[in-house]
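# What the coordinates show
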Amino acid sequence: MRKTLIKRNYILSDTDLIATSKEKSSLLKRDAVEFSEFGVDATEIAAFDTEIEDFSDIPQDHIVVALQMGTTDLKNDKAEEVRVAIRSVMARVQLRYGVNSAVYKKFGTEKLAQLGDADLYLLGKTVAFIGREYLTELSGQGLTVAILDELEAICSAFEKMLINQKVAIGNRTILQENRILSGNALYKKLMNFLNIGLRIWETTSEAKANDYTID
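Residues numbered from 1 in each chain as written. Predicted model: local features only at pLDDT ≥ 70, side-chain atom pairs only at ≥ 80, totals over all residues. Heavy atoms only, no water.

## Description of the nonpolar core
Put simply, the rule reads: What is meant by a nonpolar core is a set of buried Ala, Val, Leu, Ile, Met, Phe, Trp, Tyr and Cys residues, joined one to another through side-chain atoms within 4.5 Å. Only protein chains enter the accessibility calculation, which uses a 1.4 Å probe; a residue is then buried when its area is under 20% of its type maximum, exposed when over 50%, and partly exposed in between. Here a helix means four or more residues in a row that DSSP labels H or I, a strand means two or more in a row labelled E, and each is numbered from the N terminus.
Counting 26 residues, the largest nonpolar core has I86, V93, V127 and L151 as the members making the most contacts within it. Of all elements in the fold, only α4 (61-97), α5 (102-106), α6 (117-133) and α8 (145-201) reach the threshold of two or more residues within this core. When residues of this core are assigned to their parent elements, the largest contribution, seven residues, is made by α4. Judged by nonpolar contacts, the second largest core, of 22 residues, contains Y10, F35, I200 and Y212.

Pasting the structure below:
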């Protein structure tokens, strides 16, 4: 089933919505007696203040994007480490067997530079596995258990960074939706208070009625 797209119900920026809500909250407190006649008591005004603070505490998207970019940068750096470690092994395979040999081709590193993240991770694990198979033959070219262990360790770290990146992307989507839903709820409550304020003052004070409008 296709997911329903969540949309903002207001044209204010989130920053303006927060500032406007705080401004109007102070008016609610000023006119608390009049609002109480419409069923708006101190508890409801306090709840409005809490909703404003909760909304302002949700990270804005540019902050979440920056954090996501940080995980991507770390992942990309680790990907390059995987490639370097693979090339270190393959340099020894080339010295022993040559690039056109069946053994060299068995490692499957021909498209190393073009591989995506998942394929690169799998290739690193494969090179380490096959490297152990030919460890005795390649010892004369300097291949050691430590080199293969390091390759596997780098691959494991790379896998964790791939997961972290996916989680960061998912978190951004969730935070975006939460911010939109919270913003819509706050805006709805704000407009309700503004409508009540206009009804209270529209026939008795033009100045106070104007306080309950948004420029």
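Once the structure has been displayed, the description carries forward.
## Some words on the packing of helix α1 (residues 14-30) against helix α3 (residues 42-57)
The criterion, for reference: Every axis in this analysis is a line fitted to C-alpha atoms, fitted for helices over the stretch in contact. Angles between the N-to-C directions lie between 0 and 180 degrees. Relative orientations are named as follows: roughly parallel for angles under 35 degrees, roughly antiparallel for angles over 145 degrees, roughly perpendicular for angles from 65 to 115 degrees, and oblique for any other angle. Each crossing gets its hand from how the near helix is turned against the far one by less than a right angle, where anticlockwise is left-handed and clockwise is right-handed. Working rule for contacts: check all heavy atoms of both residues, and any pair within 4.5 Å makes them a contact. Here the term charged refers only to Asp, Glu, Lys and Arg, the term nonpolar to Ala, Val, Leu, Ile, Met, Phe, Trp, Tyr, Cys and Pro, and the term polar to all other amino acids, Gly among them.
The N-to-C vectors of α1 and α3 enclose an angle of 160°; their axes lie 10 Å apart at closest approach. One way to sum up the angle between α1 and α3 is to call them roughly antiparallel. The handedness of the crossing between α1 and α3 is left-handed. Along the contact surface, α1 presents D14, L17, I18, S21, K22, S25, L28 and K29, while α3 presents I45, F48, D49, I52, E53, F55 and S56. For the contact of α1 with α3, a count of residues per class yields seven nonpolar, three polar and five charged.

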